[in-house]
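Inside the fold
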Amino acid sequence: MSEENRVITARKEGRKEGRKEGRKEGRKERNYGIDLLKTFAMFLIVMDHLLAHGGMLSAAKGTTSIYLVTAVNVLCFWPVNAYALSTGVTGFHGKHDLSRLIYLYVQTIFYSAGIVILLYLSGFCSMGEVLRDLFPLIGGRYWYFTAYFFLFLLMPYLDKLIDTVDHFKLTVILSLLCLLNALSISGNIFHWNYGLSGSWLCILYLFGALLGKYRVAERVSAKVLLLVTAVCLLLSYLGYLIVPELAMRLAGIHYGEYQFLKFTAPTILLSGIAIVLLFSKIQINSRGMQKALRLLSSLTFGVFLIHEDSVFVDAVYRDKLSMYLEHGTLYAVGMLFIWSAVLFVFCLAVDFLRSRLFALLKIDRLSGRLAAWLKRTYAALSTRVRA
């Protein structure tokens with residue numbers, strides 16, 4: 001090979017290596033600590049829903065069991081915020097691909113309609129519930145999916161907001177809004193519906209995106225984060241048990257429940273932020289663990305859809321757990337954990353089978369085609385309107 005050919009070959013190889021490095025730099029490195037967080041958070045969400053819908057929480061009120069049951073409730077309350085915060089940490093400046101939203105909508109319809117039809121055939125629900133569940137979005141079937149749908153459409157604009165606004169000022173404004181909302185008697189002056197809304201998910205997305213963009217997890221030690229988590233959860237526990245009673249005795253008003261044990265409560269928000277940062281620090285290098293966590297985290301949304309379906313709740317575990325308190329509080333909490341583990345694994349298995357079915361039906365490819373058609377249609381309409 002001549003000297004000239006060697007130089008040309010070296011230049012080509014250099015350009016190839018440059019392109020490879022560029023792709024590596026442009027590609028976000030996956031944080032498997034966040035995958036672990038989503039999996040653990042969804043397990044605690046299942047436990048919290050069993051605690052509430054299963055009747056144990058209401059049955060414990062007015063008894064000595066309330067102290068331990070409330071402690072479990074507090075420990076299970078931060079995951080919803082953490083789950084949404086992690087979307088901001090990992091989703092900031094992501095693709096926000098419309099096909100992903102369409103895929104999730106198909107998945108939601110699959111469970112919403114599928115569960116209710118099966119239970120209708122078994123005599124557990126009415127035809128009216130079947131008709132409602134065929135349209136889960138406009139029917140408000142699942143609050144989290146409806147809120148996420150709202151958030152998803154605004155994500156590109158929220159990313160631009162974070163890029164253009166001073167991050168310190170934005171943090172102060174968001175924190176001030178949260179504080180004012182919490183201090184109000186209703187705990188809902190901005191109509192965030194105590195965290196069950198798209199506007200609250202947008203707030204969490206902004207907080208999460210700020211945490212991810214400025215790599216806050218690298219700047220704060222794990223000890224500080226653990227301390228913040230412990231203090232916030234303890235304040236939530238004591239505040240929820242003590243403040244409402246004091247407010248009623250001293251001022252004759254209902255105050256305290258919404259300030260300490262709702263998703264919008266500052267202590268619940270701060271504990272969620274601290275825990276997201278803690279899990280972000282976790283390094284998982286095992287390929288097997290990475291593969292398992294990637295799979296498990298992808299199934300967590302399905303776990304939510306299955307176990308929180310109101311028809312499924314009525315048929316399977318509505319008021320089924322309160323009876324365990326008759327055998328003692330520790331026994332009841334132990335049974336709560338067993339129910340949670342069994343239900344969680346069951347929902348994971350069902351959603352895994354659903355994912356295989358969707359793969360066979362090529363739902364992801366069909367979602368991509370529908371998204372492309374919608375984008376072309378939107379572009380054509382935009383051109384006509386602006387002409």
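Residues numbered from 1 in each chain as written. Predicted model: local features only at pLDDT ≥ 70, side-chain atom pairs only at ≥ 80, totals over all residues. Heavy atoms only, no water.

1. A closer look at the overall build of the chain
Counting secondary structure elements, the chain contains 17 helices and zero strands. Principal-axis analysis of the C-alpha atoms gives the chain an extent of 90 × 55 × 50 Å. The buried share of the chain, reckoned over its 387 residues, is 44%. The contacts of the chain with a sequence gap of at least 6 include a subset with a gap of at least 24, amounting to 80%. Carbon and sulfur atoms provide 65% of the accessible area of the chain, an area that totals close to 21,000 Å². Of the charged side chains in the chain, 41 are positive and 25 negative; the average position of the first set lies 8 Å away from that of the second. (Helix = DSSP H or I, 4+ residues; strand = E, 2+ residues; numbered from the N terminus. Buried < 20%, exposed > 50% of the residue type's maximum accessible area, 1.4 Å probe, protein only. Contact = heavy atoms within 4.5 Å. Areas by Shrake-Rupley, 256 points an atom, 1.4 Å probe, with all protein chains shown as cover. Lys, Arg positive; Asp, Glu negative; His and termini not counted. Charge placed at Lys NZ, Arg CZ, Asp CG, Glu CD.)

2. Focus on unusual backbone geometry
What is expected of a backbone is that most residues other than glycine have negative phi and most peptide bonds are trans. Even without being a glycine, His 191 presents a positive backbone phi close to 55°. Considering the arrangement of structural elements, one finds His 191 in the loop between helix H9 (167-183) and helix H10 (198-213).

3. A closer look at the pattern of salt bridges
Inspection of every chain in the model, using the stated rule, returns seven salt bridges. Between Asp 35 and Arg 30 there is a salt bridge; the shortest N-O distance is 2.8 Å. Take Arg 30: its relative accessible area is 36%, and that puts it in the partly exposed class. (Salt bridge = Lys/Arg side-chain N within 4 Å of Asp/Glu carboxyl O.)

4. Describing the confidence of the model for the chain
Here the chain averages 88 in pLDDT, while 90% of its residues score no lower than 70. The least confident element of the chain, judged by mean pLDDT, is helix H1 (residues 3-26) at 45; the most confident is helix H16 (residues 329-361) at 97. Confidence drops under a pLDDT of 50 for residues 14-26, and excluding neighbours within four residues, the segment shows zero contacts in the predicted structure. (pLDDT = per-residue confidence, 0-100.)

5. Some details on the layout of surface pockets
Taken as a whole, the second largest pocket holds about 580 Å³ of empty space. In terms of lining residues, the second largest pocket is bounded by 26 residues, among which Asp 48, Ala 52, Phe 77, Lys 262 and Phe 263 are the most central. For the lining of the second largest pocket, the secondary structure elements donating two or more residues are helix H2 (32-53), helix H3 (56-60), helix H5 (79-91), helix H8 (143-164) and helix H14 (287-307). At six residues, H2 tops the list of elements feeding residues into the lining of the second largest pocket. For the lining of the second largest pocket, a count of residues per class yields 16 nonpolar, five polar and five charged. (1 Å grid on protein atoms, 1.4 Å probe; cavity = no way out; pocket = protein on both sides within 12 Å on 5 of 7 lines; lining within 4 Å. Points joined across faces, edges and corners; volume = space filled by probe spheres on them. Nonpolar A, V, L, I, M, F, W, Y, C, P; charged D, E, K, R; others polar.)

6. Quick notes on the nonpolar core
Leu 37, Trp 78, Tyr 148, Leu 151, Trp 200 and Leu 336 are the most contacted members of the largest nonpolar core, which has 98 residues in total. Leave out the neighbours within four places in its chain, and Leu 336 touches Met 47, Leu 50, Leu 51, Met 56, Val 72 and Leu 321. (Core = buried A, V, L, I, M, F, W, Y, C linked by side-chain atoms within 4.5 Å.)

7. Digging into the environment of Thr 64
Its place among the elements puts Thr 64 in the loop between H3 and helix H4 (66-75). Judged by its relative accessible area of 68%, Thr 64 is exposed. Once the C-alpha coordinates of Thr 64 and Thr 329 are considered, the two residues, 265 residues apart in sequence, prove to be 8.6 Å apart.

8. Re empty space enclosed by the protein
Applying the stated criterion to the full structure yields one cavity of 30 Å³ or more. Its volume calculated, the largest cavity comes out at about 40 Å³. Every residue lining the largest cavity is listed: Ile 45, Asp 48, His 49, Cys 76, Phe 77, Val 80 and Phe 263. When residues in the lining of the largest cavity are grouped by element, the largest group, three residues, is from H2. The class makeup of the residues in the lining of the largest cavity is five nonpolar, one polar and one charged.

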